[in-house]
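An overview of the molecular structure
Listed here are the chains, written in short residue letters.
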Amino acid sequence: QVQLAESGGGLAQAGGSLRLSCAASGRTFTTYTMGWFRRAPGKEREFVAALGWRAKDVYDVRYSDSVKGRFTISRDSDENAFFLQMDSLKPEDTAVYYCAARNGALTWRDALYHCWGQGTQVTVSS
C-alpha cells in the first residue's frame, strides 16, 4: 500500500521546536486521513494529531489534549507529504513518533490506520 517515511526527529531542549515530515509514496486514496502517533517508553501508542480531507482545500484537524496549542499538523501543496510542527516542547514529549495513513475519515483510533512509517525518535531534554 502507501509507503510512509518519517524524518526530522532529533534532540531538542525544553521549550524548543522540531518539525517532523512524513513523505508518502505508492498507492494513494481518494478519501484519506494522515495522522501522527507516538510511543513513549513504557507507554501505549498515543494519538497526537490527524488531518483528514473532505474535498479539495477542505479538511478536518484534530489534536490530542496533551499537544493541543503546541503542535500543528499540516500538508504540502501536492499532498505528497505532511508535517508536524512541534513547539514549546516538553520532556514528556520524548517518544518515537510515527506517521500513519488510512482510507477513511479522521479518527484517533490507531487500529483503523492502514499504513505506518518506521518512526523517528524525538528526545526533549530538561
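Before reading further, recall that the structure is shown in the block above.
Here's a quick rundown of the structure. (Residues numbered from 1 in each chain as written. Predicted model: local features only at pLDDT ≥ 70, side-chain atom pairs only at ≥ 80, totals over all residues. Heavy atoms only, no water.)

1. Examining the pairing of strand β1 (residues 3–7)
A regular strand places its side chains on the two faces of the sheet in alternate fashion. We count it as follows: Each residue's exposure class comes from its accessible area (1.4 Å probe, protein chains only) as a fraction of the maximum for that residue type: buried when under 20%, exposed when over 50%, partly exposed otherwise. Helical segments are the DSSP runs of H or I of at least four residues, strand segments are the runs of E of at least two, and each set is numbered from the N terminus. In this description, strands pair whenever DSSP reports at least two bridges between them.
Side chains of β1 alternate between two faces, with Leu4 and Glu6 buried and Gln3, Ala5 and Ser7 left unburied. As paired strands, β1 and strand β3 (residues 18–25) are joined by five bridges and run antiparallel to one another. Residue pairing across strands places Gln3 opposite Ser25, the latter belonging to β3.

2. Some words on the packing of aromatic side chains
This is how the line gets drawn: Whether two aromatic rings pair depends on their centres lying within 6.5 Å, for rings of Phe, Tyr and Trp, where Trp uses its six-membered ring; planes under 30 degrees apart make the pair stacked, over 60 edge-to-face, and the rest tilted. Here, over-ring charges are defined by two tests on the NZ atom of lysine or the CZ atom of arginine: distance to the ring centre within 6 Å, and angle to the ring normal within 35 degrees.
On inspection of all chains with the given rule, the structure shows five aromatic pairs. Between the NZ or CZ atom of Arg45 and the centre of the ring of Trp116, over which it lies, the distance is 3.9 Å.

3. Describing the sheet that holds β1
Filter applied, for reference: Here, axes are lines fitted to C-alpha atoms. For helices the fit covers the stretch in contact, and angles between N-to-C directions go from 0 to 180 degrees.
An order of β1-β3-β8-β7 is seen for the four strands of this open sheet, with the pairing classed as antiparallel. Of all the strands in the sheet, the pair left with one neighbour each is β1 and β7 (71–75). The average undirected angle you get between the axes of adjacent strands in this sheet is 15°.

4. Considerations on the pattern of salt bridges
The test is simple: Any Lys or Arg side-chain nitrogen found within 4 Å of a carboxyl oxygen on Asp or Glu counts as a salt bridge.
Counted under the stated rule, the structure contains five salt bridges. In this structure, Asp93 and Arg38 form a salt bridge, with 2.9 Å as the shortest nitrogen-oxygen distance. Placement of Asp93 in the loop between β8 (81–86) and β9 (95–102) and of Arg38 in strand β4 (residues 33–39) is noted, with a sequence separation of 55 residues between them. The pair Asp93 / Arg38 is uniform in exposure class, with both members buried. Across the pair Asp93 and Arg70 runs a salt bridge, and its minimum N-O distance is 2.7 Å. Here the residue Asp93 occupies a position in the loop between β8 and β9, and Arg70 occupies one in the loop between β6 (58–63) and β7, the gap between them amounting to 23 residues.

5. So, unusual backbone geometry
The backbone phi angle of Ser88 is positive, close to 50°, even though this residue is not glycine. Here Ser88 shows up in the loop between β8 and β9.

6. Regarding the nonpolar core
Worth spelling out the cut-off: To form a nonpolar core, buried Ala, Val, Leu, Ile, Met, Phe, Trp, Tyr and Cys residues must be joined to one another through side-chain atoms within 4.5 Å.
Grouped together as the largest cluster of nonpolar side chains are 29 residues, with contacts concentrated most on Trp36, Val48, Phe71, Ile73, Leu84, Met86 and Tyr97. Put simply, the parts of the chain that give this core at least two residues each are β3, β4, β5 (46–55), β7, β8, β9 and β11 (120–125). Ranked by size, the runner-up nonpolar core spans five residues in total, among them Phe37, Phe47, Ala50 and Tyr113.

7. Describing the state of the cysteines
The condition is simple: The definition used for a disulfide is geometric: two cysteine sulfur atoms within 2.5 Å.
Within the structure shown, the criterion is met by one disulfide. Across a sulfur-sulfur distance of 2.1 Å, Cys22 and Cys99 are joined as a disulfide pair. Across the S-S bond linking Cys22 and Cys99, the dihedral sits near 60°, which makes this disulfide right-handed. Residue Cys22 is found in strand β3, and its partner Cys99 is found in strand β9; the two are separated by 77 residues along the sequence. For the residue pair Cys22 and Cys99, the accessibility class agrees, reading buried in each case. The thiol of Cys115 is not disulfide-bonded; the next cysteine sulfur, from Cys99, is found 10.0 Å away.

8. What about the side chain of Thr33?
Under the convention used in this document: We call two N or O atoms a polar contact when they sit within 3.5 Å, provided that within protein one can donate a hydrogen and the other can accept it, with sequence-adjacent residues counted only if both atoms are side-chain atoms. In what follows, a contact means two residues having at least one pair of non-hydrogen atoms within 4.5 Å.
As for its placement among the helices and strands, Thr33 is situated in strand β4. Here Thr33 falls in the buried class, since its relative accessible area comes to 0%. Within the structure, the side chain of Thr33 is placed 2.9 Å from the backbone oxygen of Gly104, a separation counted as a polar contact. In this structure the side chain of Thr33 is engaged in a polar contact, spanning 3.4 Å, whose partner is the backbone oxygen of Ala105. Leaving out residues up to four positions away in the same chain, Thr33 has contacts with Ala50, Leu51, Gly52, Ala100, Ala101, Arg102, Gly104, Ala105, Leu106 and Tyr113.

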